[in-house]
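Chains, contacts and geometry: an overview
Spelled out, the chains give:
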Amino acid sequence: MKNIFLLQWKRFRREPVLFFSIFGLTVLFVGLFGGFSQVDKVEVPTYFDPSVEGEKDVWLERLNEADTFEFIEKNQDSIIKDVALGYVNYGLEVSDDNYTLIVAAEHQELVLLDQFLKQMFTEEVRINTIASQIDNTEFRNDVLTALNEPPLTVEKTTMNNESRPSYDARLQALFGMTLFFAIYTVFYSLMNVAREKRTGTWNRIILSPVKKWQMYFGNMAYAFIIGFVQISLIFLLFKYMFNFPLGDSMIDILITVLCYCFAIVALGMLVLGLSKTVEHLSALVPIVAVSFAMLGGAFWPLEIVSNNILLMISKVIPVTYGMEALTNIALGGQNFIDVSSSLALLILLGVLFMGIGINLMERRA
Amino acid sequence: MLETTELKKTFKNKVAVDNVNLYLEKGESVGLLGPNGAGKSTTISMISSLIKPTSGEVLWHGKSVVKNPNIIRDVLGVVPQEIAIYEELTAYENLQFFGRIYGLKGKALEQKIDETLKIVGLEDRKKDLVKTFSGGMKRRINIAVALLHEPEFIIMDEPTVGIDPQSRNYILEMVRKLNEEKGMTVLYTSHYMEEVERLCDRIYIMDHGKIIATGTKEELTSILSSEEKIVIELDRPYPNFVEKLEQNEKILQVSVSEKGIDLIVPKNSQLLGEIFHIAEKLDVQIVHVNVQVPTLEDVFLHLTGRNLRD
């Protein structure tokens, strides 16, 4: 097995272009979809009605307490013009007890913006109503003090810390693209088996004292390590160079990557078993990689998928569990024991795929 | 030493090898001659234990290879028809890998690589990538890999396909030396009659999965010992001339060649006069006439009705 394994690395050293191309593409796509730097706040051009003329700065300050949005004052005409021409997706008009969103087309951030504004205005209207009946300044100060030093604190926890972590677009891009491109790296590495069968070196090795299982494991170990190295390097690169919030425990992330790589190598063996020729395999690789990435939530979160059939299919796709475990570790602060059900399913799928794949290959031999 | 009995292989409903019986004695050089698709490669795949026969047996020193493939694998070297080496590696690296999987290491491996490279005449190119080699050189490295672990028995499946005459000559000479000087037992398959004639002590002729004739070269050509071959060269093709010759009952076989017509006729039949008479009648322009002793090619044609390279 050692000789077969080392041979693959020797061959890799001579022709590393494919690996570095896929590595480069992963970095590029993560950068394009997730952004290399911290996510900027979404700018919201805001116009203040003459009814709030005197309190403009106070309003702007309160609005800009939002984590996601940055409200920038502009005049009404330029907001309407920019929205009409499509330069901005929406604008905001603030009056003393209400707000208006100027929208040309529906946008995914609108829901969040509307929610934030609704909450803020409701609170503001409540305070104003009470304040108008008593001493305005004193009441506001009392509210602020109460907010800073609450008499009662309610802490919410769920069993086994299984609360769904919130969504992060940068991590979605990083995990999704990396797991997706790693499928190519692993599959193309395993393609060596198909090529060896075609050139006849496979048969030559069969006739040597090397056992069949050693031949398979030598090739699989190489594909596994190259996939693991690629994913790990990309995660480390984006964590330490571009400050992606991968969480505190890289060890848990890497354990997940190990399980994912095992499942993908096994899937590769299944694809190899299903292909009759190298050409057939070359055609099959992108089909499997893209469809599995789509169905497994690498391109978009599975939470937005409502079709039950697609959700059912996603249960037998390793990408699903890889994404799930990585997101829970990075955003939910979980460790590998917390995500052990996802990891166990990755290993289970791996064992299943590998069993079928090797069986198919041996039948064809 | 090696024997096959009633060896048969079917793929789905197609019979690729049909009840093949052959044997090889130690130190013998045996040829398996037949056109493409005759079943030669399938036969040697079964002998080398790469594929299991549908029925029949392969015996190595009386023991079943089908039941225990390792008994032949340890002493066998196979030169496949395809160039089964890693083209992105150097000649040395290829031999190093294949040597290691046969358990060679250290100085013994180094020494063996040098020796083998010398045999195939590539000691000067050992550090070059195989992909930079000519077709002939690749074929030689392909052979070197099979020789590395000093096999007792070597199977060569058309080792000279697609190479220049010089390289072919080098390989044939190398095979002859391995057999004569090192006492290696050789099973050589080819559809080049002249290679088999030159290298092999005995020949099996195979067609449509069956052994149709066997013996030494002399024994095989004696199949046509009571016949002779008349090679007629013409200035251009004459279909009506061929037709007339075919109608002649004294002519045993008429076949159209590249330059004219080949006839198999009974020895001393004195048909030349008759042939010239027909040619004159049909206004056929004969350029050259040659009367020959039949070759293996003619034997094959006689047995199968088709040429080796059909």
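Keep in mind that this is a model prediction, so the values were computed, not measured.

Right, let's talk about the overall build of chain A for a bit. The secondary structure content of chain A amounts to 14 helices and 4 strands. On C-alpha atoms alone, chain A measures out to a radius of gyration of 27 Å, which is more than a quarter above the 21 Å that the 2.2 N^0.38 rule sets for 365 residues. Over its C-alpha atoms, taken along the principal directions, chain A stretches across nearly 95 × 50 × 40 Å. Within chain A, counting contacts between residues at least 6 apart in sequence, those at least 24 apart form 75% of the total.

All names here are of chain B. With respect to burial, helix H1 (residues 40–47) is a largely interior element, 8 of its 8 residues being buried. Restricting attention to buried positions, one finds in H1 the residues Lys 40, Ser 41, Thr 42, Thr 43, Ile 44, Ser 45, Met 46 and Ile 47. Directly beyond the C-terminal end of H1, a positive phi value near 80° is found at Ser 49.

A separate point is the domain arrangement of chain B. Split into domains, chain B comes out as domain 1 (2–221) and domain 2 (226–293). One C-alpha centre belongs to domain 1 of chain B, the other to domain 2 of chain B; they are set 40 Å apart.

Our next topic: helix H2 (residues 17–34) of chain A. Residue and element names in this part refer to chain A. A rise of 1.5 Å per residue sets the reference length of H2, with its 18 residues, at 26 Å; its end C-alpha atoms lie 25 Å apart and thus fit the reference within 8%. All buried positions along H2 are accounted for by Phe 23, Thr 26, Val 27, Val 30 and Gly 34. Considered in projection along H2, the buried side chains sweep an arc of 90° and stay on one side of the axis. Residues of H2 that are exposed and point over 90 degrees away from its buried face: Val 17, Gly 24, Leu 28 and Leu 32. Residues of H2 that are buried in the fold lie against helix H7 (169–199) and helix H9 (212–240). One or two positions beyond H2, positive phi appears at Gly 35, with a value near 80°.

As a further point, take the sheet that holds strand E11 (residues 227–234) of chain B. Residue and element names in this part refer to chain B. Judged by pairing direction, the sheet is antiparallel, and its 4 strands sit side by side in the order E12-E13-E11-E14 without closing on themselves. Single-partner strands in this sheet number two, and they are strand E12 (253–256) and strand E14 (286–292). The sheet shows a mean angle of 15° between the axes of neighbouring strands, direction not considered. Alignment of E11 against E14, held across 6 bridges, turns out to be antiparallel. Within E14, the position partnered with Lys 229 by the bridge is Gln 292.

Another point: the interface of chain A and chain B. Listed as interface residues are 17 residues of chain A and, on the opposing side, 19 residues of chain B. For the side of chain A that touches chain B, the elements supplying multiple residues, two or more each, are helix H1 (2–14) and helix H8 (201–206) of chain A. Considering only residue class, the side of chain A that touches chain B consists of 6 nonpolar, 6 polar and 5 charged.

Our focus in this paragraph is the pairing of strand E1 (residues 2–11) of chain B. Residue and element names in this part refer to chain B. Inspection of the sheet shows E1 paired to strand E4 (residues 55–60) by 5 bridges, in the antiparallel sense. Across the sheet, residue Leu 2 finds its bridge partner in E4, namely Trp 60. The pairing of E1 with strand E2 (residues 14–24) spans 7 bridges and is classified as antiparallel. Residue pairing in the sheet places Thr 10 in a bridge with Val 15 of E2.

This next bit is on the packing of H1(A) against helix H3 (residues 91–101) of chain B. Look at H1(A) against H3(B): their axes get within 10 Å of each other, and the N-to-C directions meet at 165°. With respect to H3(B), the axis of H1(A) lies roughly antiparallel. With respect to the hand of their crossing, H1(A) and H3(B) are arranged in left-handed fashion. Between H1(A) and H3(B), the contacting residues are Asn3(A), Leu7(A) and Lys10(A) on the first element and Glu93(B), Phe97(B), Arg100(B) and Ile101(B) on the second. In the contact of H1(A) with H3(B), the residues fall into 3 nonpolar, 1 polar and 3 charged.

Taken domain by domain, chain A comprises domain 1 (2–37 + 167–364) and domain 2 (42–155). Taking only C-alpha atoms, the centre of domain 1 of chain A and the centre of domain 2 of chain A are 46 Å apart.

Phi is mostly negative for residues that are not glycine, and the peptide bonds are mostly trans. All names here are of chain B. Positioned with a positive phi, Glu 158 is a non-glycine residue whose angle comes to about 45°. Tracing the backbone through its elements, the reader meets Glu 158 in the loop between strand E7 (153–157) and helix H6 (165–180). Glu 158 gets classed as buried once you count the C-beta atoms within 10 Å, which come to 21. In this structure, Asp 283 is a non-glycine residue whose phi angle is positive, near 60°. Relative to the helices and strands, Asp 283 is located in the loop between helix H10 (272–281) and E14. When the 9 C-beta atoms within 10 Å are taken as the criterion, Asp 283 is described as exposed.

A few words on the sheet that holds strand E10 (residues 210–215) of chain B. Residues and elements named next belong to chain B. Read across the open sheet, the 6 strands follow the order E6-E7-E8-E3-E9-E10; overall the sheet is mixed. The sheet terminates laterally at strand E6 (76–79) and E10, the two strands that pair on one side only. Recorded for the sheet is a direction-independent mean angle of 15° between the axes of neighbouring strands. Taken together, the 4 bridges between strand E3 (residues 29–33) and strand E9 (residues 202–207) define a ladder with parallel strand orientation.

Ile141(B), Ala144(B), Ile154(B), Ile155(B), Val186(B) and Tyr204(B) are the most contacted members of the largest nonpolar core, which has 75 residues in total. Considering every element that reaches this core, the biggest residue donor is helix H5 (residues 135–147) of chain B, with 7 residues. Among residues more than four places away in sequence, those in contact with Ala144(B) are Leu95(B), Thr116(B), Leu117(B), Ile119(B) and Val120(B). Membership of the second largest hydrophobic core comes to 70 residues, among which are Ala194(A), Met220(A), Ala325(A) and Met354(A).

Residues and elements named next belong to chain B. Mapping Ser 55 onto the fold places it in strand E4. Sequence separation of Ser 55 and Val 66 is 11 residues, and the distance between their C-alpha atoms is 9.9 Å. Ser 55 has contacts with Glu 6 and Lys 8, leaving out every residue within four places of it along the chain.

Residue and element names in this part refer to chain B. For strand E13 (residues 260–266), a buried count of 5 out of 7 residues is recorded, marking the element as mostly surrounded by other parts of the structure. Alignment of E11 against E13, held across 7 bridges, turns out to be antiparallel. Bridge pairing in E13 places Glu 233 opposite Gly 260. Here 4 bridges tie E12 to E13, and the two strands are oriented antiparallel to one another. Within the sheet, the bridge partner assigned to Val 254 lies in E13 and is Leu 263. Here E12 hands over to E13 after 3 residues, the two strands then running antiparallel side by side.

Each value, and the rule that gives it
Residues numbered from 1 in each chain as written. Chains lettered and ligands numbered in written order. Predicted model: local features only at pLDDT ≥ 70, side-chain atom pairs only at ≥ 80, totals over all residues. Helix = DSSP H or I, 4+ residues; strand = E, 2+ residues; numbered from the N terminus. Rg over C-alpha atoms; globule rule 2.2 N^0.38 Å. Contact = placed C-beta atoms within 7 Å. Buried ≥ 20, exposed ≤ 12 C-beta atoms within 10 Å, placed from the backbone. Domains from an automatic or database assignment. Expected span 1.5 Å × (residues − 1). Arc of directions from axis to C-beta. Pairing = 2+ DSSP bridges. Axes fitted to C-alpha atoms, helices over the stretch in contact; angles between N-to-C directions. Nonpolar A, V, L, I, M, F, W, Y, C, P; charged D, E, K, R; others polar. Parallel < 35°, antiparallel > 145°, perpendicular 65-115°, else oblique. Left-handed = near helix turned anticlockwise from the far one by under 90°. Core = buried A, V, L, I, M, F, W, Y, C linked by C-beta atoms within 7 Å.

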